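What the coordinates show
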Amino acid sequence: MAETGVDARRSAVYLLDQILDDEPRLLSELLGAGVLDRLAPDDRARAQRLAMETLRGMERADRILQKHLRKYPPLTVRNALRVGTIELCQGGAAHGVVNAMVTLIAGHKRYGHLKGLVNAVLRKVAAEGPEIWPTLRTPRLPKWLRGPLVEAWGPQAMAAIEAAHFAGAPLDLTARSDPAAVAEAVGGVVLPTGSVRVADAGQVTGMPGYAAGDWWVQDAAAALPVRVLGPQQGEAILDLCAAPGGKTMQLAAAGADVTAVDDAEGRMARVKENLKRTGLRADLQVKDARAATGAYDAILLDAPCSATGTIRRHPDLPFAKDGAEFGALIALQEELIDHAWGLLKPGGRMVFCTCSLLPDEGEVQVDEALERHGDMRVDSDALACEGVDAGWITAEGGLRLRPDYWADAGGMDGFYIACLRKEA
Ligand SMILES: C[S@@+](CC[C@H](N)C(=O)[O-])C[C@H]1O[C@@H](n2cnc3c(N)ncnc32)[C@H](O)[C@@H]1O
């Protein structure tokens, strides 16, 4: 009898091979390159979920596996063992999981001879892994990232952030106009800040209201920068670094006259599709934000960053990155702030935000911008949005959001948001 689920598992192992390679690739790049396109939609979703769950629990899986391995097998076999271990420890039926992983390796051109090893190890894991699993510590971030984050937030907060990463993320939606109606339609709840949260979402495109453009996917934290900016009907607003367009849609839904700029053509195509689906309008310009021109009432600068606030949703990031490009990103953020400031009308406001947990991409960036621009001040009154906790406000008057906030309700992405006001 043919084993079920082998295709999805094989693809999960392939994704892990690429992410954990010496020349790693991000999951988003792999999916964007269509590596799962040949799979049926259910298998595609399963492969992606298995790869992500394996990355989240990899430290625990490796700890369980090391007892049964005298030396490490090749990466592909190791990843197959990791996926199998994760499945077994999360309640997967032993017979089905072990057989599927053995079939998968048996059919491998180079490593087929290691099927016996996979069989023997996974049988042992099936026998004792599920009991050991909950006794192991919450998986930690790799040292290159853990070090600076412990320095920034302390060891207790770090442990809470890692617990949030391990738990993963629910699906958050932003309603075009009526959060309560969207919550009712999708079976979700309205969060204190107005986003809609769905605990057990299926295929997003099949959910009620998707085709009609009643909502779009956007983490609750990512929805806050536009709430802080407070766009008004008819205002000229520049949305810098706009793709894939979650914030562009929020601005347009508020009735602002939006100019959205991003230098990635492919990502801008997604903004266009999103606007079409939601029936919203914006002037889209594919160019470097440092070449943007004009004079605006308000500016949203959602700068490119380390994305270290999004690890709940992107557990590949700590493995596929090593921080080598962070210095260049920090320098780019500085240039973007300075250029954008020149496009803001006197008396206007600019929200600077990053989905980063590193103060160098948030608090420090704003402190330094204040030193460079004598006509800039931080407007912390703008942070008085519904659902924003006063404890999230930082010394310089920005908003620090962390994955461990709202822990009991499913957390939020890490973000930094500051509203900068220009002298009239
Ligand atoms: C954090 S994402 C923006 C998310 C977007 N604001 C949203 O809400 O959907 C950062 C974006 O910056 C863009 N980007 C990076 N460097 C840029 C530059 N020099 N000029 C314009 N866009 C840039 C990337 O293409 C990426 O789409």
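On a predicted model such as this, the values are computed, not experimentally measured, just so you know.

**As for the pairing of strand β7 (residues 283–286)**
Judged from the four bridges that link them, strand β6 (residues 257–262) and β7 form a sheet pairing that is parallel. Bridging from a neighbouring strand, Thr259 pairs with Asp283 of β7. Chirality of the crossover, the property in question, places the unit of β6, helix α11 (residues 265–278) and β7 among those that are right-handed.

**Points about the packing of helix α5 (residues 94–106) against helix α6 (residues 115–132)**
Between α5 and α6, the shortest axis-to-axis distance is 9 Å and the interhelical angle comes to 160°. Classified by the angle between their axes, α5 and α6 sit roughly antiparallel to one another. As α5 runs across α6, the sense of the crossing is right-handed. Contact residues: Ala94, Val97, Val98, Met101, Val102, Ile105 and Ala106 in α5; Lys115, Val118, Asn119, Leu122, Arg123 and Ala126 in α6. Across the contact of α5 with α6, the residue classes break down as 10 nonpolar, one polar and two charged.

**A few points about the UniProt feature "active site" (unreviewed entry) in the protein**
Mapped onto this numbering, the UniProt entry annotates "active site" (unreviewed entry) at Cys355. Here Cys355 shows up in the loop between β9 (344–354) and α14 (363–372). On the basis of neighbour count, Cys355 is assigned to the buried category, with 25 C-beta atoms found within 10 Å. Apart from the residues lying within four places of it in its own chain, the contact partners of Cys355 are Ala222, Cys305, Ala307, Gly309, Thr310, Asp413, Gly414 and Phe415.

About the criteria used
- Per-chain numbering applies: the sequence of each chain, read as written, is numbered from 1 onward.
- In keeping with the model being predicted, local features are shown solely for residues with a pLDDT of at least 70 and side-chain atom pairs are shown and tallied solely at 80 or more, while totals for entire chains, interfaces and linings include all residues.
- The criterion for strand pairing is that DSSP finds at least two bridges linking the strands in question.
- For helices the rule is a DSSP run of H or I covering at least 4 residues; for strands it is a run of E covering at least 2, with both sets numbered from the N terminus onward.
- Orienting the strands away from the viewer, one traces the path from the first strand over the helix to the second; a clockwise path indicates a right-handed crossover.
- Note on geometry: axes are C-alpha line fits, over the in-contact stretch for helices, and angles between N-to-C directions span 0 to 180 degrees.
- Orientation categories follow fixed angle ranges, with anything under 35 degrees roughly parallel, anything over 145 roughly antiparallel, 65 to 115 roughly perpendicular, and all other angles oblique.
- Crossing handedness: left-handed means the near helix sits turned counterclockwise from the far one by under a right angle, and right-handed means the same turn made clockwise.
- Any residue pair is listed as a contact if its two C-beta atoms, each placed from the backbone, are within 7 Å.
- Residues were grouped as follows: Ala, Val, Leu, Ile, Met, Phe, Trp, Tyr, Cys and Pro as nonpolar; Asp, Glu, Lys and Arg as charged; and all remaining residues, including Gly, as polar.
- UniProt positions are given in the numbering used here, feature names are shortened, and annotations may be inferred rather than shown by experiment.
- Comment: burial labels come from other C-beta atoms within 10 Å of the residue's own C-beta, placed from the backbone, where a count of 20 or more is buried, 12 or fewer is exposed, and between is partly exposed.

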